[in-house]
Amino acid sequence: MVDEKNIDNSAEGQGIKAAKRAAKKDAKAAKKAEHKKSNEQSGQDQPAESNEDISLGKYGTLPLIQSTTVVPQREFKMINELTKPLAGSVIWIRARLHASRARGKQCFAVLRQREFSVQAMLCVGEATSKQMVKFCSNITKESIVDIEAEVVTVAQQIESCSQKDVELYVKQLWVVSASAPQLPLQIDDASRPEKSDDPESLQIRVNQDTRLDNRILDLRTTTNQAIFKLEAGVCKLFRDTLTEYGFTEIHTPKIISAASEGGANVFTVSYFKGSAYLAQSPQLYKQMAIAADFDRVFTVGAVFRAEDSNTHRHLTEFVGLDLEMAFKYHYHEVMNTIGNLFTAIFKGLRDHYSVEINTVGQQYTVEPFKFLDPPLVLQFPQALEMLRTAGVEMGDEDDLSTPSEKLLGRLVKAKYDTDFYILDKYPLAVRPFYTMPDPENPKSSNSYDMFMRGEEILSGAQRIHDPVFLTERAKHHAIDIEKIASYIDAFKYGCPPHAGGGIGMERVVMLYLGLDNIRKTSMFPRDPKRITP
């Protein structure tokens, strides 16, 4: 039989518990409502204080610079000038935003000018609003910014920047030119070492076509900045050294009426109602300058070769460093002058461009370039003997193949410890018709090539300066005399004996640095498959 009293007591207990739960729920809701009301009241009392931007007017995007008459009076510093002695100074700089990262109430940024970089920092505080910090963190990579900042020394060096001993505390930040948010390549990826010994390093690499398709971005890497600064140094040293030697710089036509070197590897262009050609070489005009009593001349300019060669060292357009020089009695006067020119260039690069060489070495494997002073000169028969000893089969009048040139370069380096040498007295059979034969050996010629790391970088010779002899040699080579009549006529009125040569600038830089492709040393390379950008 069921105890009715126990049933009643149980029901009563459950009702009391339910009532307690309901009361607790109501109390919690009332407390929440009171808290919400308090917050709303607090917000109404102080609306300006919580949303006020204390940095207003110190950051933002500048209007398009159109050279107006009102110009801010600001003295800008370069990043490479930011060193410890400037600590405490407030300066302006214009730079690219290389990278930025927000961390809580702080934002760190890396600013870059060419190969130099510095760290900048913003932190929410009495003079910097959270809106300004957020604005900095949202600026797209590669944008150009103007920054006013205090230079501050750091306790620990910043290894990721070129300016390791200082950083910038930003006071003002203005975007001058914003970059698109999506970059076709990342500067950091394009700057990674080609061969890294660190097993944990990122293996992301940017291939050559992507680099060249987006060359503007690719050229911004510190390595490329260094390569082309060094390339400018080669041109400067070439000009300065030859000017010191008494040479005169000349400028020659690039649109010509006949092929410069008689071959078929020329670009034909329409020329009004007829056709013309792009110059393969300034040689004719250099020689005409010698005939015109300029005595010693050089020129720096574009050279065009319509050769369908898709190799690591060929371009269809490159910068030629050409020279021609009259001599008294022997073409070695010219050959030795050119050899000394290269020595001066190598010394100048070593002594004045060591920073650029080291920068390139951080991304690519660069072995120091070795040379002798005076340069090593070998006779062609000597080179043949070295190659034959190494197992290469060659005839006495055979030209050097590319593999033979490279092997010879290694043999010379092993024997003489030099990456640069001159090879004299090439067989007459492998040289152009205008090359002067050797008077003591009818199978040899007064010609020479010069090599860097086993690759040819200059081909030169004594030119035939007598029109009768020149005509005879042209006929021997089955060349149509009518097509070269203007060339032969240049020597009809007396011309001093002379010799010279042509140098490919991009090839010199490639081989000096030990790079694997000439497209790395051509700012906007042209080859059979590329004519853009």
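Look up a bit, the structure's there.
This write-up is about the structure you can find in this document.

Here's the deal with the side chain of Thr316
Inspection of the secondary structure assignment puts Thr316 in the loop between β11 (296–304) and β12 (317–326). Ignoring sequence-local partners within four residues, the contact set of Thr316 consists of Phe267, Val303, Phe304, Arg305, Glu307, Arg526, Asp527 and Pro528.

Describing the layout of surface pockets
Taken as a whole, the second largest pocket holds about 830 Å³ of empty space. Mapped by element, the contributors of at least two residues to the lining of the second largest pocket are β2 (90–103), β3 (106–113), β4 (116–123), α4 (187–190), α7 (222–244) and α10 (354–363). Ranked by residue count, the leading element in the lining of the second largest pocket is α10, at five residues.

Remarks on the pattern of salt bridges
Applying the stated rule across the entire model yields 31 salt bridges. For Arg114, the salt bridge is made with Glu115, and the minimal N-O distance between the two is 3.9 Å. Two residues, Asp189 and Arg192, come together in a salt bridge whose shortest N-O distance is 2.8 Å. Judged by its relative accessible area of 14%, Asp189 falls in the buried class. Connected through salt bridges with shared partners, the residues Arg114, Glu115, Lys229 and Glu356 form a single ionic network.

Digging into the pairing of strand β19 (residues 498–504)
Where a strand is regular, its side chains alternate between the two sheet faces. Here β19 lies mainly inside the structure; six of its seven residues are buried. Where β12 lies against β19, seven bridges are found, and the strand directions are antiparallel. Residue pairing across strands places Gly320 opposite Gly504, the latter belonging to β19.

A look at a nonpolar patch on the surface
A cluster of nonpolar residues, Ile216, Met523 and Phe524, forms a patch on the protein surface that exposes about 280 Å² of accessible area. In this fold, Ile216 is placed in helix α6 (residues 215–218). Residue classification places Ile216 among the exposed residues on the basis of a relative accessible area of 55%.

A closer look at the packing of helix α9 (residues 332–352) against α10
Relative to each other, α9 and α10 sit at 80°, their axes nearing to 5 Å. When the axes of α9 and α10 are compared, the pair comes out roughly perpendicular. Residues Leu349, Arg350 and His352 of α9 touch α10, and the partners they reach there are Ser354, Glu356 and Ile357. Broken down by class, the residue content of the contact of α9 with α10 amounts to two nonpolar, two polar and two charged.

Side note on empty space enclosed by the protein
By the definition in use, this model includes three cavities of 30 Å³ or more. Lining the largest cavity are 13 residues, and of these Thr252, Lys254, Pro282, Ala302 and Val303 sit closest to its centre. Counting residues per element, the ones that place at least two in the lining of the largest cavity are β11 and β12. Residue contributions to the lining of the largest cavity peak at five residues, all from β11.

Comments concerning helix α12 (residues 402–416)
Taking 1.5 Å as the rise per residue, α12 with 15 residues should run 21 Å; its terminal C-alpha atoms sit 21 Å apart, in good agreement. If you check which residues of α12 are buried, you get Ser404, Glu405, Leu407, Leu408, Gly409 and Val412. Those residues of α12 that are buried are in contact with β13 (376–379), α11 (380–389), β14 (420–424), β17 (447–452) and β18 (455–462). Just downstream of α12 lies Asp417, where phi reads positive at about 55°.

What counts and what doesn't
- Residues numbered from 1 in each chain as written.
- Predicted model: local features only at pLDDT ≥ 70, side-chain atom pairs only at ≥ 80, totals over all residues.
- Heavy atoms only, no water.
- Helix = DSSP H or I, 4+ residues; strand = E, 2+ residues; numbered from the N terminus.
- Contact = heavy atoms within 4.5 Å.
- 1 Å grid on protein atoms, 1.4 Å probe; cavity = no way out; pocket = protein on both sides within 12 Å on 5 of 7 lines; lining within 4 Å.
- Points joined across faces, edges and corners; volume = space filled by probe spheres on them.
- Salt bridge = Lys/Arg side-chain N within 4 Å of Asp/Glu carboxyl O.
- Buried < 20%, exposed > 50% of the residue type's maximum accessible area, 1.4 Å probe, protein only.
- Pairing = 2+ DSSP bridges.
- Patch = residues over 30% accessible without salt bridge, like charges linked within 9 Å, V, L, I, M, F, W, Y side chains within 5 Å.
- Areas by Shrake-Rupley, 256 points an atom, 1.4 Å probe, with all protein chains shown as cover.
- Axes fitted to C-alpha atoms, helices over the stretch in contact; angles between N-to-C directions.
- Parallel < 35°, antiparallel > 145°, perpendicular 65-115°, else oblique.
- Nonpolar A, V, L, I, M, F, W, Y, C, P; charged D, E, K, R; others polar.
- Expected span 1.5 Å × (residues − 1).

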